[in-house]
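Listed below are the residues making up each chain.
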Amino acid sequence: GHDFEVYHDLSSIEAWLLADVNSHQFATVSSIGKTHENRDIWVVNISNPPTNLAADSSLPTVVVDCGIHAREWVSPAFCQHLINELLATSGSAESWKNSVNWVIYPLLNPDGYSFSWSDDRMWRKNRRVNSGTSCVGVDLNRNYDAKWNTFGSSSNPCHQTYHGTSSFSEPESTAHSNHMATVQSKQAYLTFHSFSEVIIFPYSTVGSDEADNRAELNSLAGEMVSGIKSVHGKNYRKGEGAEIFGLAAGGSDDWAHMSGIPISYTIELRDTGSFGFLLPESQIKPTCEENMKGVEAVFDHVKPLN
Ligand code: 0X9
Ligand code: ZN
């Protein structure tokens, strides 16, 4: 079986998705489009009973994604853990699929992830070939339509935060956006990154931009922080992006909130810098365990009453 306490390369993740996950009665795996290098971008829909998500607006939907940034390997490891827990026949997450539809993109940047295994462990961006330069890649988390190209991103294709030639210039961010547009009743959007141990809520665009439901976002983030702490004692921080992480426009969290999803968080997983992106495999399990409590707080917040 698939081992959830190690990092898996792309082909191992895909083999697990297409065999184990897709054969499960409550899950469907489908491709939402192709990357710059022609790889599939996968989405996993999980609900009980299995429903056509596009047609069913009766249940709230929680959208989760992982792996926007290539080198943040614990992020796709978390999505694999979450999918496995939702599909398990016991455990606290097993029932979460009865009252909420789950739309999970387990690895949004497969080209970059693959490159981080084969060539450069510290690769961040996608693998876009940029014209007029030998520098490769666009930072997908600067490419969404959220005050794109205003603050905290670069016009230089050689930089780590290069925002691309326009918002949604990239096949990965475009496929993500187009697919999410087909999903009904979206109540929450969670995008997993690493590292820093922080829960970030909108906005990170301009200092004066404030989410209309900022109080709700702040208090729910507090519940996530408490839940996380209760598992292994880790003290995640929380706050508005602009305040605690600095301005960086074009992020998927801000775009999701601007497009009408009230609950939107970027979760920066372990650690706080000792290992950074090179988080040892021994920390995958505790990182996932504590963050299931963060997701549980969001689930409790959006699930229908009774
Ligand atoms: O800078 C980012 O894209 C995220 N941090 S990371 O170290 N994983 O690269 C933080 C994103 C916070 N949200 C926005 N800037 N919108
Ligand atoms: Zn990241």
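The written sequence of each chain sets the order in which its residues are numbered from 1. To label them, take the chains in the order written and letter them from A, then take the ligands in the order written and number them from 1. Only residues with pLDDT of 70 or above have their local features reported here, since the model is predicted, and side-chain atom pairs are shown and tallied only from 80 upward, although totals for entire chains, interfaces and linings are computed over all residues.

Under an unreviewed UniProt entry, the protein chain has the name Peptidase M14 domain-containing protein and belongs to Oikopleura dioica.

A. Examining the UniProt feature "active site" (unreviewed entry) in the protein chain more closely. In the numbering used here, UniProt assigns the "active site" (unreviewed entry) feature to Glu 268. In this description a helix means any DSSP run of H or I spanning at least four residues, a strand means any run of E spanning at least two, and both kinds are numbered starting from the N terminus. Note on placement: Glu 268 falls in strand 8 (residues 263-269). Residue burial here comes from a neighbour count, namely the number of other C-beta atoms, placed from the backbone, that lie within 10 Å of the residue's own C-beta, with 20 or more meaning buried, 12 or fewer meaning exposed, and in between meaning partly exposed. Classification of Glu 268 by C-beta neighbours within 10 Å gives buried; the count is 20. In contact with Glu 268, other than residues within four places in its own chain, are His 193, Ser 194, Phe 195, Ser 196, Glu 197, Val 198 and Ile 200. UniProt positions are given in the numbering used here, feature names are shortened, and annotations may be inferred rather than shown by experiment. Throughout, a residue-residue contact means that the two C-beta atoms, derived from backbone geometry, are no farther apart than 7 Å.

B. Molecular detail of the sheet that holds strand 7 (residues 237-240). Strand pairing is assigned whenever DSSP identifies at least 2 bridges connecting the two strands. A sheet is described by the order of its strands in space; here eight strands give the open sequence 1-2-4-3-5-8-6-7, paired in mixed fashion. Each edge of the open sheet is held by one strand with a lone partner, namely strand 1 (27-34) and strand 7. Strand-to-strand twist across the sheet, computed as the mean angle between neighbouring axes with direction ignored, equals 20 degrees. The sheet contact formed by strand 1 and strand 2 (residues 40-46) spans seven bridges and is antiparallel. Residue Ala 27 lies in a different strand from strand 2, and its bridge partner there is Ile 46. Each axis is a line fitted through C-alpha atoms, taken for helices only over the stretch in contact, and angles between the N-to-C directions span 0 to 180 degrees. Contacting strand 6 (198-201), strand 7 and strand 8, helix 6 (residues 214-232) crosses the sheet at an angle of about 165 degrees to strand 6.

C. Quick look at the pairing of strand 8. The element strand 8 is extensively covered by neighbouring structure, given that seven of its seven residues are classed as buried. Here strand 8 shows a buried face lined by Ile 263, Tyr 265, Ile 267 and Leu 269 and a second buried face lined by Ser 264, Thr 266 and Glu 268. For strand 5 (residues 186-194) and strand 8, the ladder comprises seven bridges, and the chain directions are parallel. Bridge pairing in strand 8 places Leu 190 opposite Tyr 265. Pairing geometry for strand 6 and strand 8, over three bridges, is antiparallel. Looking across to strand 8, one finds that Val 198 is bridged to Glu 268.

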